[in-house]
Each structure stands twice: as structure tokens, then as C-alpha cells.
Amino acid sequence: MTGSNEQSSNSDFITESLELLDTVEPDLLAMENFDTEIPPEAINRVLRSIHSVKGLSGFAGLKAVTELTHLMETLITKIKDGEMIPDSAIIDSLLAGVDKVRIMLKSPRESNEVSYKDELERLKTILSEFGIEPEEPAKSRPDAQLQASFSYAGPDIIRIELNLATKSEAKSVEFQAQKQDLLSLGGMLLYAIRVSLKNDLKAKERTTEEFLTQMKSFGQCLDSDLHDLGHAEFEKGIEKDLACHCLFATIMESELVGMAMEIPDEQIFTLDKDMLETFLSGKDQKHPIPQAESPSSHQTTSVPEKKGGVVDKSSPAETIRVNVEILDTLMNLAGELVLGRNQLRQMLESSGYDNPKLGSFIKTLDLLTTEIQERIMQTRMQPIGKIFNRFNRVVRDLSHQLSKEVQIFIEGEGVELDKSIIEGLSDPLTHLIRNCIDHGFEDPDERLQLGKPRVGKIHLKAFHEGGQINISVADDGRGINTAKLVEKAMTNDFLSQEEAAVITEKEKLNLIFLPGLSTAKAVTDISGRGVGMDVVKTNIERLGGHAEIDSVVGEGTTVYIRLPLTLTIIDSLIVTEGKQRFAIPLVNVRELVCIQAGNASQKIEKVGSVDVLRLRERLLPLVRLADILGLKRTFVHPETSNEMIDQRVRIADRRQNNSKITSNKKQQVEKTAEKRHPSLERRQRRQGDIFVVVLDVRGNSFGLIVNDLIDMEEIVVKSLSDHIKECRCFAGCTIMGDGRVIMILDAPGIADLAQLHFGEISAEERHRQEEKAHTQQKKDSGNQQSVIIFNNAPEEYFALRLDEVSRLQMVDSETISRIGKQEFITYDGEGLPLIRLENFIPVAPLPEDVKELFVILPKMNNLKTGILASRIVDSIKIDERVQKNESTPPGVLGSAVVRDKLTLFLDVQELFKRFAKKADKMTKKNVQR
Amino acid sequence: MAIKQFVTFGINHFLLGIDILVVREINKVLDITPVQRAPNYVYGLVNLRGQIITVFDLGVRLGLGPRKITPQSHNVFLKNELISLLVDSIGDVVQVNEADVELAPAHLGGVEKRYISGVVKLKQELLIILSGPKILEYYKKDRGKNGDCIG
């Protein structure tokens, strides 16, 4: 009957207490950090919270909690009074106490059985070290002078006789209390209060009624002879200096009662409740006086009052608890309101306003609805500090445990996130922080040796950026040894030798997110990170977020997390396929690419069965939304805006035929050929641009081809019914401004459905990169060079490296003089012998009739010679590698195609050697003659 | 003698009825968004004042072939479920004595029997009474049998 009631009030108390405890922890940690002066507000807050928990627990009858919190309270009071300086041992014991209380509160039924001796002993030891005898909680401290006897005055009325002796007078007093009231005391303490009519009422200008009301506001007055006091008797009593007595039940302690009621302490007597309890239970066994159901009903009525009274004092801000479901419904309704507003506006705009006032009215409505929506969204938002602040404790405890010295710096606690995201963040963040301390940091001494400060630092930071929340966890530890990671990945077959050789540093770091790697012990020991990093990533991704890691060996590691503000409202890109619109969550969108009509054939090719887009040296697999959804490929005619069937089923372009498709890849093509139409050629419509949305899925990207891009829009995600949950390609649906339902595309689902082989594509990509690197190397070895291109015979092209040429000189053919077979020109006042190429290599001769000739003067130290040329074509940079074979004559380095012309590269050294030999022979001949 | 009321509607030439107590409202066909890759009996989704309702193609569900939207088409929205039934036309609300409801005959012109709870002989025609809960059931094997793609 009342069980549920009791339970609910109990659970209220528990959430209440747990929340209070949550506020205690950061303050305790703060106290530890202030060596000199502890901010009084912190201590007061702690004291207040602990006291409230004590009160609440006493009220709920959790004795163990009360006992523990009492000791903690005593300790904190000492700190407050400056009698004690909170060193880490004290804070430790207090924190341990907080933890234990939390455990007890979480299972209130067993709370009294939970062993809390250790914590209790610790607190006691500390207190006694400071020469303070820990007082027992008031309730278990019977007043020595108080002798009470209990008896039944009726079936439900209990007579309590007390011998209230003070120094000044000895007097016995008798109370009669309802048994139900006494049974429902719970954690309340029982006091007998002596009220001097003269000193306590008259002198303080209180009437009896006022006094009783005052008393009731603090507790429950079970019996009092003040009630019966008439006005005349009151006056008489004052004259005689009589005293009245009240039986008072409250959760306050005696000192507080005195203060609250403005009664001297010596007039307050604490009753031994244990005695009362033994009496009540003992009597019950003998005379089974029916335990009427009334006690509980009494209890339930009295409970909220008391509780409210206590709680109000301690709760800092005015908050109420609201069921999340109600908020969700409100949120939905707000969305509807926005929709209704939009429709109204559209209608008014199309019909034209008749009334000019309508405009401003609509604007007001506009603002109001937007405001309402924002506010309702805010109700679901909570500051991230809620979980951030937990890490102070985690760091403190863990670093002690692992004997490392670590400090955590928290920034941006005020950043607000959706409740559900906050809850989901707790685990991955704890994981990251734990990793930092466990593996990330060196031992303090090791750090000193490395020239780092002894104390390691963790920076935990949250900030807004572009409508998303960024969280970074940075340490200055040893960083991640990527070489070890790669090694481990290779032994676990995540990575082949070839792959390992080409992956970037960033990719190496990302190996840490691979599931199998994380638990490998060798890696965690050496590299510093990796316990369950895949779990971290998965968790973050489940929240619609994204995790990245950055690390420098010896300097530290940073993990970046990007999260959406809320799960229910997301930014999205609206696209169309056919006439249907779809939303793509913007978190998945990396970029948008528009392939212009004419360019498609050059940019799109095939790898295996998949069309790929070459995008900045990377290959991006392409998927058509229409194919995935099983829609007809359509396009909307730009002029008639009719939907037309896209007929193109042609194999893309020439390039594809040239592309290297290995035999096994070919098989795949054949296998999937019927299903997929790989044609991606220029579209038939006039604006034949292809829109590609590049999507990120679990570290891979792919391009989704859509008909058109419409807009970016904030949408409210609505879930799908069971019947369509298994479509896999949709993550949900939403209602657009015009009231139409549109589907939200699920990027991972689409990737799965398209059966994209990311591995194959990245392999191809690597292959190409390798090839490119290879040709690059070749080029390097072939020396990219500047050359002079010239003709000897008009159609024959020759090249000379520019750095071998010192000068070009134009000469008139008539200025060439001849000595024997050798031709000379006058150059710098000397005779310069000339080389005709046809004399040394088998090429066509220089035409005879050319008037203007050129002389190329190579850089030669010993021999001054010029090469004759009919025309200087150009001086260019080329990177073609010169090819040489057996037919290449001596004096020629080789040949290459330069600007579509076969060009001979001259070997100047060889030419000159031959020239010198020939000249030598000639002089010898001359001499012989 | 309990009197029951049935909302009646037409699919092809059949007159079908469903207990009025499970019907939330009946609407002219709204803008239906098709859902690709959904089971074939799902016609699409509509927005009913902010709630997303899954529209069943009752024709497909009953094995009578897919519906085409005509000016007479209606959506019968069901209570407690975010489901509506797309029907060809809407008829009167019929009062029937519960005792007059008979078991469905073995052969009913191709209508899937598992969704029928009984038949009532009206003056001029036969009213086939559908079982509300059965219509809503999500049979996993449906997907396998009928394929999972509209397109």
C-alpha cells in the first residue's frame, strides 16, 4: 500500500544524496590544491552537502551512512575551523568515505551490511592524531542525566517519563506520544525541550503558538504541555517562572536545535532512541498490538514536508527533475510548431497580405517559435563539465596508484552537449585518460632524465567549432612509437610488407584504432597507447562523432574528438535523386565534388568492378545513389523539368580500356557487370555536371553520385518503424519545411550495400603511387634538364644540355673560312674551328644554301670549338629520359621524343674527342706529307 | 448481443472492414514518401501532424497486388500504431451483430487468409473483416519471400 510510496521517496532521497556527493568531490579536490588558504565557500559547500546527506540518510534510516557522514562532517568542521590542514591523507580518507557512502546509497537495502570499517577507522585515526576524540553521532549518545521510562498509556499511546535533572533543578516530566509517531521516527532524533515561559518566550517576545509553529518548521512536536496553556495560565506561569516541556522529533542535532529554537543548550535533553526502540519492539512481541497501517500513512504525509525543509536549505539553484520523455515530446511539438509557422507564412505570402499588421504579427510568431525550439533544446543540454570534473579524481587516484605524477588541466567545462551524448562520452574519455596515465607518461624520474618536468600534464579541453563540439585529450608523455605499431600490425596480418612501406605517418598512427591491435600487450607496453582504442573510436562514432590521433614520439599524444551538439538535431545536406529528396548527415560528408560535363571521362575510371574518381592523387570509389536505392536512373530535364530516364549504359571511355585490369579483376567485372552499369560518361542533359558527395565511413571515403545538391539544412531526426528498419540504407527520416517526409541516408549502410572493396582500391592507389614514385625516380636519375633544341638538317632535331653550352653565336655563312677540310670562324680575335655534325655522326648534312648559321660554343676548357647549326629551335626544360640502344651512334647520348619530334641528345665530350682525334690525324697526315 | 462497428473500404472489388475501435482517423491520401529497399508491402511514409506514419499497401499485404493512387484513395490510420493502410476507396461504417460474423470460407479470391478474422454477409455483398493486430505483425519471412526491394 505504502511500499511504493516509501520506495519512491527513498529513491528521491538517494538521487538527491548522490547529486550532493557529486558536488562534494570537486570541492574536496580543490581543498587539497589550496595549500595556504582554502576558499571558505568550498568548505562550506562540502559541509553543507555532507550534512544534508547525513540528514537525509538518518531520515531514511540508513545508519551506516549516517555514522560515516557524521565522522566526515566532524573532520571537515575541523578543517573549516583551521584546526587541521587538509593534506592528501585527509582528503584521501574523505574521498574514500564519499565513495563508500555512494556505494551504500546505490544499494540502500544492503547499506547497513556494507563494510565501512576501514573508512571509519581511517577517519577516526586522523581525528585522534589531532587529539580530537571522534564524537559519536548524537543519536547514539544518550544523555547521561536523562533517565527515561516507557510504558503504554493506551493501545496506541505511549507514556514517556523523563527525569530532567539540571544543575538548578531536578524534575520529572511525563509525555504521551502516539505510538505511530514514534514508530515512524526513522532517522529523526528525539529531544525533550524545556521551555521557560519567562526567559524563552516572554523575553524573546514569542507566544506559545509562535513557538510551536517555529518548532514544527524544524521537526515534529509529538507532545507538549504548551498546547494546553491558556492565556491566563501563561501569564501566571511567567510570574512563577514556570517551564513547559515539549517532546520534539527532528533530524537536527542538539546544538542546532538550541540555535534554531533559541533555547539554551542545557534545556535540551536527548532521548535514547535505542531504549525506545527496544521498548517498542519488546512490547510488540508480548502484546501484539496490531501494527495499524496508519503509521505508514502518517509517515508518508510527514515525509515530504520534512524532506522539503531540509533539502531547500542545501540546494544551490532552483531546478526540478523532468522526465526526458516529456522533453522529447515537447521537442517534437516544437518542431511541429515551426512547421505550422512555415506553412502559415508560405500561405500568407502566396496569397498576399491584406492586412499590413499581419506582417509584424508573423514576425513575432517567428521569433517566438524559434525561441521556444531553442529553449526546449537547451533543456536537454548539459555542461560537459559534468563528466570532465570526474577526471580530477580519476587522475589523482590513478597517478597515486601507478606512482606517477600527473596533473590534469581542464578547459571548457561550460560547453554544453546533449544529455545522451554526455552519457555516452564518459566511457571513452575515461579510457583515454586512463591510457594517458597508465601508458602515456614516463615515470617521474625518467621524465627528469629526459629533461621534462617531473609532473606530467594532461590537457582536457572542449570547445565549439563550426557547430560541432571538439574535445581534445593531450598529454606530454612519451608519444606513440609508430614503428612498433606497424610491426605489430604486420605480425597480426593487418598490414602487408608492401603496405607498411608506403603508408603515411598518420595512417600508421591510425593503426592504433584497429580492433586486434589494441589489446596486444607488447604494443601497449612500448607504444604507450592502445588499450581498447578501437572501443573508444566505436563509441565515439556511435555518438555520430569522429576520433583522430596525433602523436610525436617523446613529446606526447593528442586525441581529438569531434561530436555533434545533439543527436536529434543534425546538420544535413539535402540532395535529390529523381524527384525525391534525401538528407545526408553532414558529419559524414567530407566534401562535394562537381565533375563538369566534359571532364567525366578523364576523371572517372574503373578499378575492378568499381568506378573510381581520381581526386587529388587519390582514388575514390563511386556509388550511384539511384543504383543503391534501386531507382531508375533519371535526370530532370533542365528546361521542361520533366523526369527523364537516363539511358546511358555505355562503357565509359578509352582510358578505361587502357587501364590495367588484371585477370582476376576482370572476372569481377564480369560477375557484377549485369548488376552495375559502369557508365559514367558525359550526361545527356545540357548541364551534364555530375555531383559527387564524398562520404567518410570508418576512415574510408567514397563518392556518392546524386542528381543534384539542394541545400544544407538542420533536421530533426526521427526514427524508423520496425518494418523499414532493415533497409540498411536509411538512418532515419525527417520532416521538411513543406511537411514532406524525407529519408536520411546512412553512409555506412550505403557503403555496405555497394559492397565497396576499399582494400582493393587502396591497393590500386598504392600501386599507382608507387609507379609514380618510380617514374619520379627515373626522372631524377635521368636528370630533368634544360636543353637547347636545334636543327642541323631542317627536319632533324638535336639537343644539347644548356649547362654544357657557354654561348650561342649567329654567323653569316660567308664569314666561315676554310683551311683544308676544317672550317673556322673568327671569334674573340681567334680562329675557332667548327664542327659539322654530319662529319661525326650519321645525320643529314647542313643545307648548303643557308645564309645565316648558328655556332654553339660548348663549355670546354682545353679546346675551343663550335658546333654549327642551321636553326636554334628553343631552349626548354624536359624530363623525358633519354633512351639509348645499340643503334645509337657514338657522339650521341641517346634519343627522346621532345614535343613530338625525335631528338638526338649530343654527347659533347665524345664529339670533341673525335674531333680532336680527327684534327690530330689531319695534322699527322699533313706532317707526313 | 454485441453490436460491432466496422469501417469499410475497398481493395479491387473486395469490400473489407476493420473494427472501428482500432482506427484513429481516415484521410485523403497525403504526400507519401517512398522508401526504397523496404519490404514491398510498405508504400512509404507520411507526416501526420509531426508523426511519421508508415503506410502499408493493403493490396500487397493481402496478396492482391500493388495499389495505384487515385483520387478515391484513402489512408486509414490505426490507433496506437504509427501505421496506416492505403486503400482504394472508403465506404460506410457498418454496424454488425457480432453473432453474424462467420468464419472465413476456405477460398476468398486470393486474399491472404491469415489477415482475415471473419466475414459478414451484408445485403448486397460480402464484408471481409480484417484482423487489426495481424495486419500489423512484422513477419520476418515476408522479406525473404517477397524480396526486399520495390524498384
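Predicted model only: the values in this text are computed from it and were never measured.

**Q** Would you explain the overall build of chain A in this entry?
**A** From N to C terminus, chain A includes 31 helices and 38 strands. In chain A, the share of contacts with a sequence separation of at least 24, taken over all contacts with a separation of at least 6, comes to 67%.

**Q** I would appreciate a short explanation of the sheet that holds strand 2 (residues 14-19) of chain B in the present structure.
**A** Remark on secondary structure: sheet strands pair via backbone hydrogen bonds, oriented parallel or antiparallel. All names here are of chain B. Here five strands make up an open sheet; going across it, the order is 8-1-2-10-9 and the pairing mixed. Whereas interior strands pair on both sides, the edge strands pair on one side only; in this sheet they are strand 8 (89-97) and strand 9 (116-121). Here the average twist between neighbouring strands, direction ignored, is 35°. Judged from the six bridges that link them, strand 1 (residues 3-11) and strand 2 form a sheet pairing that is antiparallel.

**Q** In this structure, what is going on with the packing of helix 3 (residues 63-80) of chain A against helix 4 (residues 88-106) of chain A? I would like to understand it.
**A** To describe two helices that pack against each other, one gives the angle between their axes and the distance between the axes. All names here are of chain A. The N-to-C vectors of helix 3 and helix 4 enclose an angle of 155°; their axes lie 10 Å apart at closest approach. By the angle between their axes, helix 3 is roughly antiparallel relative to helix 4. Between helix 3 and helix 4 lies a crossing of left-handed hand. From helix 3, Ala64, Val65, Leu68, Thr69, Met72, Leu75, Ile76 and Ile79 reach across to helix 4, where they touch Ile90, Ser93, Leu94, Gly97, Val98, Lys100, Val101, Met104 and Leu105. Here the residues of the contact of helix 3 with helix 4 are counted per class, giving 13 nonpolar, three polar and one charged.

**Q** So what exactly am I meant to see when it comes to helix 3 of chain A here?
**A** Every α-helix carries 3.6 residues per turn, so stepping three or four residues along brings you back to the same face. All names here are of chain A. Across its 18 residues, helix 3 extends 25 Å between first and last C-alpha, which sits within 8% of the 26 Å expected from 1.5 Å per residue. With 14 of its 18 residues buried, helix 3 lies for the most part within the structure. Just past helix 3, the residue Gly82 takes up positive phi, approximately 80°.

**Q** I'm lost on a positive patch on the surface in this one. Help?
**A** Residues and elements named next belong to chain A. Positive charge collects at one region of the surface, where Lys821, Lys913, Lys917, Lys918 and Lys921 lie side by side. Tracing the sequence through the fold places Lys921 in helix 31 (residues 908-928). Overall, the relative accessible area of 57% leaves Lys921 in the exposed class.

**Q** Teacher, can you tell me more about the interface of chain A and chain B here?
**A** Interfaces are often described in size by the accessible area the parts lose on coming together. Tallying the contact residues gives 26 residues for chain A and 26 residues for chain B. Here chain A packs against chain B, burying approximately 2,100 Å² in sum over the two surfaces, 57% of which is carbon and sulfur. When the buried area of chain A at its contact with chain B is split by residue, A:His723, A:Glu726 and A:Arg740 rank highest and sum to 33% of it. The tally of links between chain A and chain B comes to one salt bridge. Here A:Arg740 ties to B:Asp31 by a salt bridge, and the two come within 2.7 Å at their closest N and O atoms.

**Q** I would appreciate a short explanation of the sheet that holds strand 34 (residues 852-858) of chain A in the present structure.
**A** Residue and element names in this part refer to chain A. Here six strands make up an open sheet; going across it, the order is 30-34-35-33-32-31 and the pairing mixed. The sheet terminates laterally at strand 30 (805-812) and strand 31 (817-819), the two strands that pair on one side only. Here the average twist between neighbouring strands, direction ignored, is 40°. With three bridges connecting them, strand 31 and strand 32 (residues 822-827) associate as antiparallel partners. Looking at strand 32, one finds that Ser817 is bridged to Phe824.

**Q** Just to check I follow, could you spell out the pairing of strand 16 (residues 580-585) of chain A for this structure?
**A** Two faces belong to every sheet, and in a regular strand the side chains alternate between them. Residues and elements named next belong to chain A. Across the six residues of strand 16, five count as buried, placing the element largely inside the fold. Alignment of strand 15 (residues 569-577) against strand 16, held across six bridges, turns out to be antiparallel. The residue bridging Ile574 from the neighbouring strand is Ala583, located in strand 16. In this structure, the hairpin formed by strand 15 and strand 16 is closed by a connection of two residues, where Gly578 is found at a positive phi of approximately 65°. Bridge analysis of strand 16 against strand 27 (residues 741-745) gives two bridges, and the strand direction is parallel. Among the inter-strand pairings, Ala583 is bridged to a residue of strand 27, identified as Ile744.

**Q** How should the packing of aromatic side chains be read in this particular structure?
**A** Think of a pair of aromatic rings as described by two things: how far the centres are apart, and how the planes are tilted against each other in angle. A full pass over the atoms with the stated rule returns four aromatic pairs over all chains. The ring of B:Tyr41 has B:Arg61 sitting right over it, with the charged end atom 4.2 Å from the ring centre.

**Q** Explain the environment of A:Lys913 to me, please; I cannot follow it from the model alone.
**A** Looking at where A:Lys913 falls in the secondary structure, it is placed in helix 31. Each C-alpha atom of the pair A:Lys913 and A:Gly891 lies 9.0 Å from the other, and the pair is 22 residues apart in sequence.

**Q** Is there a simple way to think about helix 16 (residues 390-401) of chain A in this case?
**A** Taking 1.5 Å per residue as the helical rise, helix 16 of chain A with its 12 residues ought to reach 16 Å, and the 17 Å between its terminal C-alpha atoms agrees with that figure. Following helix 16 of chain A by one or two positions, A:Ser403 has its phi on the positive side, about 45°.

**Q** Teacher, can you tell me more about the confidence of the model for chain B here?
**A** Note: predicted coordinates in regions of low pLDDT should not be interpreted at a detailed level. Residue and element names in this part refer to chain B. Residues with a pLDDT of 70 or more make up 90% of chain B, whose mean pLDDT is 81. Ranking the elements of chain B by mean pLDDT puts helix 3 (residues 140-146) last with 40 and strand 6 (residues 74-78) first with 91. Note on residues 140-151: pLDDT under 50 across the span, and 23 contacts to partners over four residues away in sequence or across chains. Taken together, the chains of this predicted complex give a pTM of 0.46 and an interface ipTM of 0.84.

**Q** Just checking my understanding: could you explain the pattern of salt bridges for this structure?
**A** Between side chains of opposite charge, a pair can form when the charged atoms approach closely. Residue and element names in this part refer to chain A. The full count for this structure, using the stated rule, is 29 salt bridges over all chains. Among the ionic pairs, Glu442 bridges to Arg447, the shortest N-O distance being 3.1 Å. The shortest N-O distance in the salt bridge between Glu838 and Arg836 comes to 3.6 Å. The pair formed by Glu838 and Arg836 is uniform in burial state, with each residue classed as buried. Counted as one network, the salt bridges with shared partners bring together Asp22, Glu25, Asp92, Asp99, Arg102, Arg393, Arg396 and Asp397.

**Q** Quick question: what am I supposed to make of a nonpolar patch on the surface here?
**A** Side chains of A:Ile320, A:Val322, A:Ile326, A:Leu330 and A:Leu333 sit close together on the surface and give an oily, nonpolar patch of about 490 Å² of accessible area. Within the element layout of this structure, A:Leu330 appears in helix 13 (residues 324-351).

**Q** What's the story with the pairing of strand 11 (residues 456-465) of chain A in this structure? I'm lost.
**A** Residues and elements named next belong to chain A. Where strand 9 (residues 406-411) meets strand 11, six bridges bridge the pair, whose relative direction is parallel. Across the sheet, the residue bridging to Ile410 is Leu460, located in strand 11. Sheet topology note: the strand 11/strand 12 (residues 468-475) ladder contains eight bridges and is antiparallel. Bridging across to strand 12, Ala462 finds its partner in Ile471.

**Q** Before we go on, may I ask you to explain the packing of helix 13 of chain A against helix 14 (residues 357-379) of chain A in this structure?
**A** Residues and elements named next belong to chain A. At a minimum axis distance of 9 Å, the contact between helix 13 and helix 14 shows a crossing angle of 160°. Classified by the angle their axes make, helix 13 and helix 14 are roughly antiparallel. Considering how the two elements wind past one another, helix 13 and helix 14 form a crossing that is left-handed. Mapping the contact onto sequence places Leu327, Leu330, Met331, Ala334, Gly335, Leu337, Val338, Arg341, Leu344, Arg345 and Leu348 in helix 13 and Leu358, Ile362, Leu365, Asp366, Thr369, Thr370, Ile372, Gln373, Ile376, Met377 and Thr379 in helix 14. Per-class residue counts for the contact of helix 13 with helix 14 are 14 nonpolar, five polar and three charged.

**Q** When you look at the side chain of A:Asn588 in this model, what are you seeing that I'm missing?
**A** Looking at the secondary structure, you find A:Asn588 in the loop between strand 16 and strand 17 (589-595). Overall, A:Asn588 belongs to the buried group, its relative accessible area being 17%.

Quick notes on the rules
- The written sequence of each chain sets the order in which its residues are numbered from 1.
- Chains carry letters from A onward and ligands carry numbers from 1 onward, assigned in written order.
- Totals for whole chains, interfaces and linings use all residues, but because this is a predicted model, local features are given only for residues with pLDDT of at least 70 and pairs of side-chain atoms are given and counted only at 80 or more.
- Side-chain measures here rest on the full set of heavy atoms in the structure, leaving out hydrogens and waters.
- To qualify as a helix, a DSSP run of H or I must reach at least 4 residues; to qualify as a strand, a run of E must reach at least 2; elements of each kind are numbered from the N terminus.
- Every residue pair with non-hydrogen atoms within 4.5 Å of one another is taken to be in contact.
- In this scheme, strands are said to pair when DSSP sees at least two bridges between them.
- The convention used is that axes are lines fitted to C-alpha atoms, helices contributing only their stretch in contact, and that angles between N-to-C directions extend from 0 to 180 degrees.
- For classification purposes, an angle smaller than 35 degrees is called roughly parallel, one larger than 145 roughly antiparallel, one from 65 to 115 roughly perpendicular, and anything else oblique.
- Handedness of each helix crossing follows the sense of rotation of the near helix against the far helix: counterclockwise by less than a right angle gives left-handed, clockwise gives right-handed.
- Under the scheme applied here, ten amino acids are nonpolar (Ala, Val, Leu, Ile, Met, Phe, Trp, Tyr, Cys and Pro), four are charged (Asp, Glu, Lys and Arg), and all others, including Gly, are polar.
- By definition here, a helix of n residues has an expected span of 1.5 Å times n minus one.
- Accessibility here uses a 1.4 Å probe with only protein chains present; expressed as a share of the type maximum, an area under 20% marks a residue as buried, one over 50% as exposed, and anything in between as partly exposed.
- To count toward a patch, a residue needs a relative accessible area above 30% and no salt bridge. Like charges then connect within 9 Å, nonpolar side chains (Val, Leu, Ile, Met, Phe, Trp, Tyr) within 5 Å.
- Only the protein chains shown count as cover for residues, and the accessible areas themselves come from Shrake-Rupley with a 1.4 Å probe.
- What counts as a salt bridge is simple: a side-chain nitrogen of Lys or Arg found within 4 Å of a carboxyl oxygen of Asp or Glu.
- We score Asp and Glu as negative and Lys and Arg as positive, and we do not count His or the chain ends.
- For this purpose, a charge sits on NZ of Lys, CZ of Arg, CG of Asp or CD of Glu.
- Buried area is understood as the total, over both parts, of accessible area removed when two parts are fitted together, assessed with a 1.4 Å probe.
- Aromatic pairing here means that ring centres of Phe, Tyr or Trp (its six-membered ring) are within 6.5 Å. Orientation follows from the plane angle: under 30 degrees is stacked, over 60 is edge-to-face, and everything else is tilted.
- Only Lys NZ and Arg CZ are tested; either one counts as a charge over a ring when it is within 6 Å of the ring centre and within 35 degrees of the ring normal.
- Confidence of the prediction at every residue is given by pLDDT, a number between 0 and 100.

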